[in-house]
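# Secondary and tertiary structure notes
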Amino acid sequence: GAGVSQSPRYKVAKRGQDVALRCDPISGHVSLFWYQQALGQGPEFLTYFQNEAQLDKSGLPSDRFFAERPEGSVSTLKIQRTQQEDSAVYLCASSGGDFRETQYFGPGTRLLVL
Amino acid sequence: AQSVTQPDIHITVSEGASLELRCNYSYGATPYLFWYVQSPGQGLQLLLKYFSGDTLVQGIKGFEAEFKRSQSSFNLRKPSVHWSDAAEYFCAVGAQAGGSYIPTFGRGTSLIVHP
């Protein structure tokens, strides 16, 4: 079966532009996570969905960041008025309904803000 | 709040040599611990995880890790390294959140393998 997919794989934006990053989780996975990975760092948690409910958004760095998962499958991470410090790799992961289940990561979207 | 320290930014080993990557964590309760590997251009892949039980955990690709509560450590080991093991390795400690867990990652250790 297919793994987690993300699109686009690369995105270049001018400062001030809005961007939308898409995540297609593994079919049937109820949990979906977004992480931000800056160059040379480990991933940092942004937000978490269980089905369509956003249970935790404590990691979103500012109100310019917004995530949604309206039908409990595909998710979109939107960044408004991008800034240079938003440049990073954005990782999506999904897992089944039990907390011991493995999170499977997508390849990431590399965002560069100029 | 939980945290993870990976004290080695880079580790260089010769192919066939043994490997140990260090990880120390800080967490108030019983930790959920993980090791992930990230190859260039690839997503993170789980090598192994510890939730409870046997403190020596076996993972994929011949890796193992040992949970030592007294030392707050979860070091990753492999008896004989292959050139294909060259990658970035991340240790993480997880907090349960609803039906899943939220991992806090270390900054990673870059493994370089010499032929």
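In short, a report on the structure. (Residues numbered from 1 in each chain as written. Chains lettered and ligands numbered in written order. Predicted model: local features only at pLDDT ≥ 70, side-chain atom pairs only at ≥ 80, totals over all residues. Heavy atoms only, no water.)

### Describing the overall build of chain A
For the record, the criterion: Secondary structure elements are defined from DSSP: runs of H or I of at least 4 residues count as helices, runs of E of at least 2 residues count as strands, and each element is numbered from the N terminus. Our radius of gyration looks at C-alpha atoms and nothing else; its globule reference is 2.2 Å times the residue count to the power 0.38. Relative accessibility thresholds used throughout: buried, under 20% of the residue-type maximum; exposed, over 50%; partly exposed, between the two (1.4 Å probe, protein chains only). We call two residues contacting when some pair of their heavy atoms lies within 4.5 Å. All accessibility values rest on the Shrake-Rupley procedure with a 1.4 Å probe; residue burial counts only the protein chains present in the view. In summary, the charge assignment counts Lys and Arg as positive and Asp and Glu as negative, without counting His or the chain termini. To locate a charge, take atom NZ for lysine, CZ for arginine, CG for aspartate or CD for glutamate.
The helix and strand inventory of chain A stands at 0 helices and 11 strands. Element order for chain A, N to C, with α for helix and β for strand: β-β-β-β-β-β-β-β-β-β-β. Since a compact globule built from 114 residues should have a radius of gyration of about 13 Å, the 13 Å found for chain A is in line with a globular shape. Along the first, second and third principal axes, the C-alpha set of chain A runs to 40 × 25 × 25 Å. In chain A, which comprises 114 residues, the proportion classed as buried is 47%. Restricting to contacts in chain A with at least 6 residues of sequence separation, those with at least 24 account for 52%. Accessible surface, chain A as shown: approximately 5,600 Å² in total, 47% of it carbon and sulfur. Seen as two clouds, the 12 positive and the 12 negative side-chain charges of chain A have centres 8 Å apart.

### Side note on the interface of chain A and chain B
For clarity, the threshold we go by: Once two parts are put together, the accessible area they lose, assessed with a 1.4 Å probe and summed over both, is termed the buried area. Polarity classes work like this: nonpolar for Ala, Val, Leu, Ile, Met, Phe, Trp, Tyr, Cys and Pro, charged for Asp, Glu, Lys and Arg, and polar for all others, with Gly in that last group.
Listed as interface residues are 25 residues of chain A and, on the opposing side, 22 residues of chain B. When the two sides are added together, the surface that chain A and chain B hide from each other amounts to roughly 1,900 Å², 53% of it contributed by carbon and sulfur. Looking at the side of chain A that touches chain B, the elements with two or more residues in it are β4 (31-37), β5 (44-50) and β9 (88-95) of chain A. Considering each element in turn, the side of chain A that touches chain B owes the most residues, 4 residues, to β4 of chain A. Of the residues in the side of chain A that touches chain B, the class split is 9 nonpolar, 11 polar and 5 charged.

### Some points on unusual backbone geometry
In this chain, serine 7 of chain A is followed by proline 8 of chain A through a cis amide linkage whose omega measures -10°. In this fold, proline 8 of chain A is placed in the loop between β1 (5-7) and β2 (10-13). Even without a glycine there, the phi angle at lysine 61 of chain B is positive, about 60°. Counting through the fold element by element, lysine 61 of chain B comes out in the loop between β7 (56-58) and β8 (64-68). Judged by relative accessible area, which is 45%, lysine 61 of chain B ranks as partly exposed. Located in the positive-phi region is serine 72 of chain B, a residue other than glycine, with phi close to 50°. Relative to the elements of secondary structure, serine 72 of chain B occurs in the loop between β8 and β9 (73-78). Since its relative accessible area comes to 26%, serine 72 of chain B is described here as partly exposed.

### Regarding the pattern of salt bridges
Going by this rule: When a carboxyl oxygen of Asp or Glu is within 4 Å of a side-chain nitrogen of Lys or Arg, the pair counts as a salt bridge.
The tally for this structure, following the rule as stated, stands at 7 salt bridges over all chains. When the shortest N-O distance is used, the salt bridge between aspartate 85 of chain B and lysine 78 of chain B registers 2.8 Å.

### So, the side chain of glutamine 103 of chain A
The line we're drawing: Between N or O atoms, a polar contact is any pair within 3.5 Å; within protein, one atom must be a potential hydrogen donor and the other a potential acceptor, and residues adjacent in sequence are included only when both atoms are from side chains.
Among the secondary structure elements, glutamine 103 of chain A is positioned in the loop between β9 and β10 (104-105). Note on glutamine 103 of chain A: relative accessible area 1%, which makes it buried. Reaching out from glutamine 103 of chain A, the side chain makes a polar contact with the backbone oxygen of tyrosine 101 of chain B at a distance of 2.7 Å. Setting aside residues no more than four positions away along its own chain, glutamine 103 of chain A makes contact with Phe33, Tyr35, Ala93, Ser94 and Ser95 of chain A together with Tyr36, Ser100, Tyr101 and Pro103 of chain B.

### Remarks on the side chain of serine 31 of chain A
Mapping serine 31 of chain A onto the fold places it in strand β4. In this view, serine 31 of chain A contacts Tyr48, Phe49, Arg69, Ala93, Ser94, Ser95 and Gly96 of chain A together with Ser100 of chain B; residues no more than four positions away in its chain are not counted.

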